[in-house]
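Take a look at the letters that make up each chain.
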Amino acid sequence: MSGLILRDATAADLPAILAMLAEDTIPPAREADPSDPRYLAAFEAIDADTNQRLIAAELDGRVVGTMQLSFLPGLSFVGSWRGLIEAVRIAADLRGQRLGEQMILWAVEQCRARDCKLVQLTSSATRTAAHRFYTRLGFVQSHVGMKLHLRD
């Protein structure tokens, strides 16, 4: 599918982005009311940070995908930067049309343009189809991820 535009999200994109996040069921009911002011505060923090990008994927004037790109400095690999791809979502009615592939390949190029040594991402252990997707795009399952939830 052609015509996908990938751009930095604006506050006006938040309703569509939050709707895609709410479609996620791992874990269930993970999102709050879209009018919760914490969402706008988070957007403003991301928008103000030059090492963060919230991306809106637009098709025919509709926001149909999103992801966050983070650029992380590090000491390892001789002071190399790494790119982190997070919160990748495609609108449920458009999945399976290779939009996610276009988004990830674009994100990798953004990381390459920022001279990142590597690109990393995480995916829930239960999302085996997503793991196959990322493997097909060249990602290697190299680490075990862990989380410690600090609050509800």
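For the structure itself, consult the block above.
Residues numbered from 1 in each chain as written. Predicted model: local features only at pLDDT ≥ 70, side-chain atom pairs only at ≥ 80, totals over all residues. Heavy atoms only, no water.

Caption draft 1: Highlighting helix 5 (residues 128-136). Of the residues making up helix 5, those classed as buried are H131, F133 and Y134. Buried residues in helix 5, looked at end-on, bunch into an arc of 160 degrees, giving them a common side. Tucked inside the fold, the buried residues of helix 5 contact strand 4 (81-90), helix 4 (99-113) and strand 5 (116-121). Downstream of helix 5 by one or two residues, G138 has phi in the positive range, about 105 degrees. (Buried < 20%, exposed > 50% of the residue type's maximum accessible area, 1.4 Å probe, protein only. Helix = DSSP H or I, 4+ residues; strand = E, 2+ residues; numbered from the N terminus. Arc of directions from axis to C-beta. Contact = heavy atoms within 4.5 Å.)

Caption draft 2: Fine view of the nonpolar core. Counting residues in each nonpolar core, the largest one holds 23 residues, and the members touching the most others are L4, M67, L69, I85, M103, I104 and F139. For this core, the elements supplying multiple residues, two or more each, are strand 2 (52-59), strand 3 (62-73), strand 4, helix 4 and helix 5. With 6 residues, helix 4 is the largest single contributor of residues to this core. By size, the runner-up hydrophobic cluster in this structure holds 13 residues, among which are I17, L18, L21 and I46. (Core = buried A, V, L, I, M, F, W, Y, C linked by side-chain atoms within 4.5 Å.)

Caption draft 3: Inspection of helix 4 at higher detail. For helix 4, which comprises 15 residues, the first-to-last C-alpha distance of 21 Å matches the rise-based estimate of 21 Å (1.5 Å per residue) to within 8%. Three or more residues of helix 4 are buried, namely L99, G100, E101, M103, I104, A107, V108 and C111. As for helix 4, its buried residues are in contact with strand 1 (5-8), strand 2, strand 3, strand 4, strand 5 and helix 5. (Expected span 1.5 Å × (residues − 1).)

Caption draft 4: How the structure looks around the packing of helix 4 against helix 5. It is the contact of helix 4 with helix 5, at a shortest axis distance of 11 Å, that shows an interaxial angle of 50 degrees. If you check the angle between helix 4 and helix 5, you find them oblique. Note that helix 4 runs across helix 5; the crossing there is right-handed. Listed contacts from helix 5 to G100, E101 and I104 of helix 4 are F133, Y134 and R136. Of the residues belonging to the contact of helix 4 with helix 5, the class tally is 3 nonpolar, 1 polar and 2 charged. (Axes fitted to C-alpha atoms, helices over the stretch in contact; angles between N-to-C directions. Parallel < 35°, antiparallel > 145°, perpendicular 65-115°, else oblique. Left-handed = near helix turned anticlockwise from the far one by under 90°. Nonpolar A, V, L, I, M, F, W, Y, C, P; charged D, E, K, R; others polar.)

Caption draft 5: Representation of the packing of aromatic side chains within the structure. Taken as a whole, this structure holds 2 aromatic pairs when the rule is applied. Between F133 and Y134, the aromatic rings sit 5.0 Å apart at their centres with planes inclined by 65 degrees, giving edge-to-face as the arrangement. Across the pair, exposure class does not vary: F133 and Y134 are buried alike. Ring geometry for Y134 and F139: centres 5.9 Å apart, planes at 75 degrees, overall edge-to-face. Aromatic rings pair up to connect F133, Y134 and F139 into one cluster. Its guanidinium or amino end placed over the ring of F71, R114 lies 4.1 Å from that ring's centre, counting from NZ or CZ. Over the ring of W81 we find R114, and its NZ or CZ is 5.8 Å from the ring centre. (Phe/Tyr/Trp six-rings, centres within 6.5 Å; stacked < 30°, edge-to-face > 60°. Lys NZ or Arg CZ within 6 Å of the ring centre and 35° of its normal.)

Caption draft 6: Region of interest: unusual backbone geometry. The phi angle at D60 is positive, at roughly 50 degrees, despite the residue not being glycine. Mapped onto the fold, D60 is located in the loop between strand 2 and strand 3. The class for D60 is exposed, based on a relative accessible area of 77%. Despite not being glycine, D115 has its phi angle at roughly 60 degrees, a positive value. Taking the relative accessible area as the measure of exposure, D115 reaches 64% and is therefore exposed.

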